[in-house]
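Examining the three-dimensional arrangement
The primary structure of each chain is shown beneath.
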Amino acid sequence: MTDYDGASATGSDVHAGETPPEITPPVDDEEATVTEAGTELERTIGLSGGISIGVGTMIGAGIFVFPGLAAGGAGPAAAASFGIGAVIALFVALPTSELATAMPKSGGGYYFISRALGALPGAVVGLSIWLGLVFATAFYLVGFGSYAAAVLAEAGVAVGSIPIVIPSALLFGVFLTALNLFGTENAAALQNYVVGLLLTILVFFLGYGGLDSLGVFGRASTPETFAPFGPLPVFTTAALVFTSYLGFAQVATVAGDIKRPGRNLPLAMVASVVIVGILYVATIFVATSAFGSETLASFGETAIVEVARSFVGTGGAIAILLAGLLATISSANASILSTSRAVFAVSKDEIIPRFASRMNLRYGTPHVALTMAGGPVLVLVAFGEVEVLAEVASFLHLVMYCLMCVALIVMRRDEPEWYDPAFRVPAHRVVAGLGAVASAGLILFMQPTSQIVGVAIMLASAGWYKYYASDVQLKGVL
Amino acid sequence: MWGDLPGEGLTDADLAIREPPVILLPVEVLEGQTIPDTVVEFLAPADVIILGYHVLPEQTPTEQASMQFEDRAQEAVDDIAQSFIDAGGDPETRVVFTHDREQTIDRVATEVGATAILLPNPTGEISEVLVPIRGAIDGGRLADLVATLLAGGAGHVTLWGIAAGEGSEFDAESAVDRAAERLRGRGLPAEQITTETTTAMLQIHDIVDRSDEADIIVMGEGRESLLAVLLGEDAERVAEGAVAPVLVVRDRDPDTEVADADENTADADSHPDADDPE
């Protein structure tokens, strides 16, 4: 509990390179945390709020980007690929849950890694995740623009030669940033409504499609071998689609605000992976039942729209495009919020200037951190080329996942006195080991460009740490 | 429930404050809210807990706000505490950063065992206390609170029974009589107590209308209803419209009821409204 001190006390001690004299055990209560000065911090996010953050960040790619590509790679067995992806995600989610219940603080992965492995790995992860989230948000916003354009085209609204994608992405980016800057309760409420509406559309779509493929509506479904290309592509496809599970660890970034963290954090993280996994597997099942995998592959990234069209015509296509629009909104909004928290976490530890965690009293929002999230996003959207950046974002997330698994093993080995997680991973070496190896392995499947850019960003982060914050000690400091 | 029991038969055990009142004073300190000196003076005889709070939008981590504003919030709360100390009180203080005001007030009220919560409004010298009684109020706590605050002073209390109209099971007449008897039983001179009853459909509206006659209003939480969900809790609505501060008498927490049962045997109707036939 030594990190709430105002701008002065322990903060400057840490900066001066001293470790605080003693480490007190965390006294986190179920409903509120108490700071050193005796101020209480109310925990207000419940289980459903946590799940909404996890699902809202993740859902999207597995349904709106990958079905065609995955079916082309593995046939109907692509459903198994998504299942494998979910299992790997759980191998990372479980260690993350344990760390989060032991350290229920804002900051997520950065916090765990800096406390378990030290300030340098922490700074590298903290700074690169900030950029990674910025890249991901830009990618979601451009996705929003594409869906907006597609909805207009599908609805028959003639726009002539006016470009739609980038301007609408920019406009919406400005809207989301402003909403978070000035909205009092709107941002969180928006997130819940968007995720709720999205899940409703998907459940209807998948329910109808599922019944249809079982022949309820009297149409012959497409009979096909389960794994027409053999077992190996099932695994390579799993590597491809793992991107659609990135984001479950975002739940840990709000750990400081979650009620009964010992129970709700692990539940929210595991439940969001499971919910999203089931939706992805069901989507592949429905899609490969409606069309053969070759036809699906030929549709590419719009496969799911064609599936919806084959069920209920243009209306279905528009409905699923709207769902895609909602998915990009929820992912973009959740990412902006996570970015702001990532900035706060590193600035609190003085990895970057404390100025970045200033907030204004009038709106009660962290305006500097939000601007450091929204500003670069808009620049990137305006200049385009976000797809490469999206893969770089995945790269940086995977590095963080890998290091979180390592952090768990280190924590368990050292087991500091204050380390008392409410949830302990069974067979932690196996689970965290598999999580680390799988995360690192997936990086190898990425394009060389993304790998090079990713490594460059990590080196730059390390350089910043050496230049600005080399005297910051964080290992074992709660 | 006031009318259910015979009003007579007060024993000697009634002639004392049973449960010393504990008043929770939520103050939105960083918004510049303060407590007028007259209110401090009036509340000083009771145990007071000053709860300085600040509500943040969901996108702001409470930790981030506390880093920057904790000192300022603590100072503001300490200033208020000092004014109570000057008035002869011994207040406790709490400072909370939250996303949800209701949740925080409920939690702290339960933790400190508050019997009443003050919803502040501007007011002058406090001598006239208005107690609208609509059936939903913990009689024991009400009597303890009013008797403690008015003890030894010249303040005057009006017990105002409000029946909902024809066919209402609530017997306003005997409810106010019973309340008056309790107050006298706790040592408040009879000439400082006035009782009256009316019938009203729009109770909240009428209470707000009459608030200019009073310097402070003391009322119950009101029961949970669809209307309360739509429009806000009764007491909150009164506080919003009224020109006087409102002291809300809290119902007993269900889990502490058993522990309290013993001391209430001579005073059976101070149980919360779960037993209310209405």
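Please read these numbers as outputs of a predicted model, since none were measured by experiment.

Considerations on the pairing of strand β8 (residues 216-220) of chain B
Residues and elements named next belong to chain B. Counting buried positions along β8 gives five out of five residues, so the element sits mostly inside the fold. Taking every second residue as pointing to the same face, both faces of β8 are buried, with Ile216, Val218 and Gly220 on one and Ile217 and Met219 on the other. The pairing of strand β5 (residues 128-133) with β8 spans two bridges and is parallel. When the sheet's bridge partners are listed, Leu130 is paired in β8 with Ile217. Sheet topology note: the β8/strand β9 (residues 246-249) ladder contains four bridges and is parallel. Bridge pairing links Val218 to Leu247 in β9.

Some remarks on the pattern of salt bridges
Inspection of every chain in the model, using the stated rule, returns 25 salt bridges over all chains. Between Arg210(B) and Glu196(B) there is a salt bridge, with the nearest N and O atoms lying 2.8 Å from each other. Of this pair, Arg210(B) sits in helix α6 (residues 203-210) while Glu196(B) sits in strand β7 (residues 193-199), and the two are 14 residues apart along the sequence. Salt bridges linked by common partners bring Glu40(A), Glu42(A), Arg94(B), Arg107(B) and Glu111(B) together as one network.

Overview of the sheet that holds β8(B)
Strand pairing in a sheet relies on backbone hydrogen bonds, with the paired strands running either antiparallel or parallel. Taken in spatial order, the 11 strands line up as β1(A)-β2(A)-β3(B)-β2(B)-β1(B)-β4(B)-β9(B)-β8(B)-β5(B)-β6(B)-β7(B) in an open sheet, and their pairing is mixed. Since the sheet does not close on itself, it has two edges, and those belong to β1 (32-34) of chain A together with β7 of chain B, each with one partner. Adjacent strand axes in the sheet meet at a mean angle of 25°, parallel and antiparallel pairs treated alike. Direction of pairing for β1(A) relative to strand β2 (residues 40-42) of chain A: antiparallel, over a ladder of three bridges. Note on β2(A): the bridge partner recorded for Ala32(A) is Glu42(A). Taken strand by strand, helix α2 (residues 62-86) of chain B contacts β2 of chain A together with β1 (22-27), β2 (47-55) and β3 (92-98) of chain B, and its axis lies near 155° from that of β3(B). Across the face of the sheet, helix α5 (residues 172-185) of chain B comes into contact with β5, β6 (156-163) and β7 of chain B while running at roughly 155° to β6(B).

Topic: the nonpolar core
Counting 145 residues, the largest nonpolar core has Phe64(A) and Val307(A) as the members making the most contacts within it. Element by element, the count of residues in this core is highest for helix α13 (residues 303-348) of chain A, at 20 residues. With residues near it in sequence (within four places) discarded, Val307(A) still touches Phe205(A), Val286(A), Ala287(A), Ala290(A), Phe291(A) and Leu296(A). With 55 residues, the next largest nonpolar core counts Ala116(B), Val157(B), Ala163(B) and Ala172(B) among its residues.

Things to note about the environment of Cys405(A)
Residue and element names in this part refer to chain A. Inspection of the secondary structure puts Cys405 in helix α15 (residues 386-414). You can call Cys405 buried: its relative accessible area is 0%. Sequence-wise, Cys405 and Phe91 are 314 residues apart; in three dimensions their C-alpha atoms are separated by 8.7 Å. Leaving out residues up to four positions away in the same chain, Cys405 has contacts with Phe91, Val92, Pro95, Ala432, Gly435 and Ala436.

What counts and how
Residues numbered from 1 in each chain as written. Chains lettered and ligands numbered in written order. Predicted model: local features only at pLDDT ≥ 70, side-chain atom pairs only at ≥ 80, totals over all residues. Heavy atoms only, no water. Buried < 20%, exposed > 50% of the residue type's maximum accessible area, 1.4 Å probe, protein only. Helix = DSSP H or I, 4+ residues; strand = E, 2+ residues; numbered from the N terminus. Pairing = 2+ DSSP bridges. Salt bridge = Lys/Arg side-chain N within 4 Å of Asp/Glu carboxyl O. Axes fitted to C-alpha atoms, helices over the stretch in contact; angles between N-to-C directions. Contact = heavy atoms within 4.5 Å. Core = buried A, V, L, I, M, F, W, Y, C linked by side-chain atoms within 4.5 Å.

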